[in-house]
Amino acid sequence: MTAKNARVLIVEDNPTSQDVLLQQVELLGLAGDCAKDGIEALELWKMHSSSIILTDINMPLMDGCELARKIRKAEEMEGGHIPIIGVTDYAMPDDIQLYRDSGMDGHLAKPSKLDTLEDILTQWMK
């Protein structure tokens, strides 16, 4: 699937959803770090070398779209590109376009199924 040393940054304000995603990532043989909002995620992204970010869209303090915009702006100056996947209940075409416009590479519908998560991770962590 992916490299065993790959790290997934999970950004989710709901503790139950955070735990579910982390357990799924670990079942797939990967390590995960968790942040409860975009501000915390931005700091973790700067400090750790994550391979991909799975971010909720609607969070307090800084939502997933703003997080994606800030990361993309930093990448413009510093180089690189980390895949960012929006994890959301809202997956209508207009919503998906909003996520892409903010700099996200894809989306994953909640609740996520293990095989769907594995497909997303495989696609974006080549």
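What you are looking at is a predicted structure, and each value in this text was computed from that prediction instead of being measured.

Rules used throughout
- Residue positions within a chain follow its written sequence, with the count starting from 1.
- Per-residue local features are limited, in this predicted model, to residues with pLDDT of at least 70; the limit for side-chain atom pairs, both in listing and counting, is 80 or more; totals at the level of whole chains, interfaces and linings are taken over all residues.
- With hydrogens and water stripped out, all remaining heavy atoms of the structure feed into the side-chain values.
- Counting from the N terminus, the helices are the DSSP runs of H or I reaching at least four residues and the strands are the DSSP runs of E reaching at least two.
- In this treatment the radius of gyration is a C-alpha quantity, and the globule benchmark scales as 2.2 Å times the residue count to the 0.38 power.
- With a 1.4 Å probe rolled over the protein chains alone, any residue whose accessible area is under 20% of its type maximum counts as buried; one over 50% counts as exposed, and the rest are partly exposed.
- Residue contacts follow a heavy-atom distance rule, with two residues in contact if any of their heavy atoms lie within 4.5 Å.
- Under the convention used here, a 1.4 Å probe and the Shrake-Rupley method define accessible areas, while residue burial counts only the protein chains that appear.
- Note that the arc is computed from the directions linking the helix axis to the C-beta atoms.

Colleague: Before we go on, may I ask you to explain the overall build of the chain in this structure?
Modeller: Helix and strand content of the chain: five helices and five strands. Beginning at the N terminus, the succession of helices and strands in the chain can be written as β-α-β-α-β-α-β-α-β-α. Over its C-alpha atoms the chain spans a radius of gyration of 13 Å, differing by no more than 12% from the 14 Å that the globule rule assigns to 126 residues. When burial is assessed residue by residue, the chain has 48% of its 126 residues classed as buried. A separation threshold of at least 6 residues defines the contact pool for the chain, and within that pool the share at least 24 residues apart is 62%. As displayed, the chain offers around 6800 Å² of accessible surface, 52% of which is attributable to carbon and sulfur atoms.

Colleague: What am I meant to see in unusual backbone geometry here?
Modeller: Excluding glycine, residues mostly carry a negative phi; peptide bonds, for their part, are mostly trans. Between K110 and the following residue, P111, the backbone shows a cis peptide bond with an omega angle of -10°. Its location among the elements puts P111 in the loop between β5 (106-109) and α5 (114-124).

Colleague: How do you make sense of the side chain of Q24 when you look at a structure like this?
Modeller: One can find Q24 in helix α1 (residues 15-27). Q24 sits in the buried class, given a relative accessible area of 9%.

Colleague: What should I look at first to understand α5 in this one?
Modeller: For an α-helix the count is 3.6 residues per turn, leaving residues at separations of three or four pointing the same way. All of the buried residues in α5 are L117, I120 and L121. Projected onto a plane normal to the axis of α5, the buried residues spread over an arc of 95° and lie on a single side. Lining the buried residues of α5 we find β1 (7-11), α1, β3 (52-56), β4 (84-88) and β5.

Colleague: So what exactly am I meant to see when it comes to the environment of L22 here?
Modeller: Along the polypeptide, L22 turns up in helix α1. The class of L22 is buried, set by a relative accessible area of 19%.

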